[in-house]
Amino acid sequence: MKKHEKPSEQLRMILKGHGMLQTSEAYSKHLEDLVIDMYAKNQSVKFAGNRGVAQIILGMSILWGILFLYFYNPLSVHPVLCISIVAFVVGLWGVIAIVRKGQMPPIPVID
């Protein structure tokens with residue numbers, strides 16, 4: 001096949017070579033599912049590099065937070081303030097986790 005042909009022309013040539021002039025509904029559905037799976041894989045690979053950087057930043061911020069708590073010992077000065085801040089952060093983290101769990105990934109639309 002020529003390199004400059006459109007993908008639909010390439011598919012048409014393959015189908016004619018196998019003696020099929022029209023595709024069945026099951027074949028069309030299977031082909032559509034394959035295209036959606038390929039799109040999802042390509043998108044996940046595209047953003048895979050940012051995950052390592054995010055984990056390093058998160059690890060450093062947790063380390064700095066632990067060092068702050070170790071060196072300054074804020075619970076000895078105002079224990080109620082520190083406990084309320086920790087409870088707020090944990091609650092906010094829980095709400096964000098619940099909201100993110102309820103979201104569905106967008107389904108790509110193929111025209």
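Note that the structure is predicted; figures quoted are calculated from it, not measured.

Here we look at the overall build of the chain
From N to C terminus, the chain includes four helices and zero strands. For the chain, the N- to C-terminal ordering of α and β elements is α-α-α-α. Counting all 111 residues of the chain, 3% fall into the buried class. Only carbon and sulfur atoms are counted for the fraction: they give 69% of the accessible area of the chain, which is about 10600 Å².

Here we look at the confidence of the model for the chain
Low pLDDT marks regions whose predicted coordinates should not be analysed in detail. Summing up the model confidence of the chain, the mean pLDDT is 77 and the portion of residues at 70 or higher is 72%. Mean pLDDT in the chain bottoms out at helix 1 (residues 7-17), which sits at 70, and peaks at helix 4 (residues 79-102), which reaches 87.

So, the packing of aromatic side chains
Considering all chains together, one arrives at two aromatic pairs under this definition. Taken together, a centroid distance of 5.2 Å and an interplanar angle of 70 degrees make the contact between Tyr70 and Phe71 edge-to-face.

Some words on the pattern of salt bridges
Applying the stated rule across the entire model yields one salt bridge. A salt bridge links Lys29 to Asp33; the shortest N-O distance between them is 3.6 Å. On the criterion of helical spacing, the pair formed by Lys29 and Asp33 is a turn pair, its members being four residues apart in helix 2 (residues 25-46). Relative accessible area serves as the criterion here: at 45%, Lys29 is assigned to the partly exposed category.

About the cut-offs
Residues numbered from 1 in each chain as written. Predicted model: local features only at pLDDT ≥ 70, side-chain atom pairs only at ≥ 80, totals over all residues. Heavy atoms only, no water. Helix = DSSP H or I, 4+ residues; strand = E, 2+ residues; numbered from the N terminus. Buried < 20%, exposed > 50% of the residue type's maximum accessible area, 1.4 Å probe, protein only. Areas by Shrake-Rupley, 256 points an atom, 1.4 Å probe, with all protein chains shown as cover. pLDDT = per-residue confidence, 0-100. Phe/Tyr/Trp six-rings, centres within 6.5 Å; stacked < 30°, edge-to-face > 60°. Salt bridge = Lys/Arg side-chain N within 4 Å of Asp/Glu carboxyl O.

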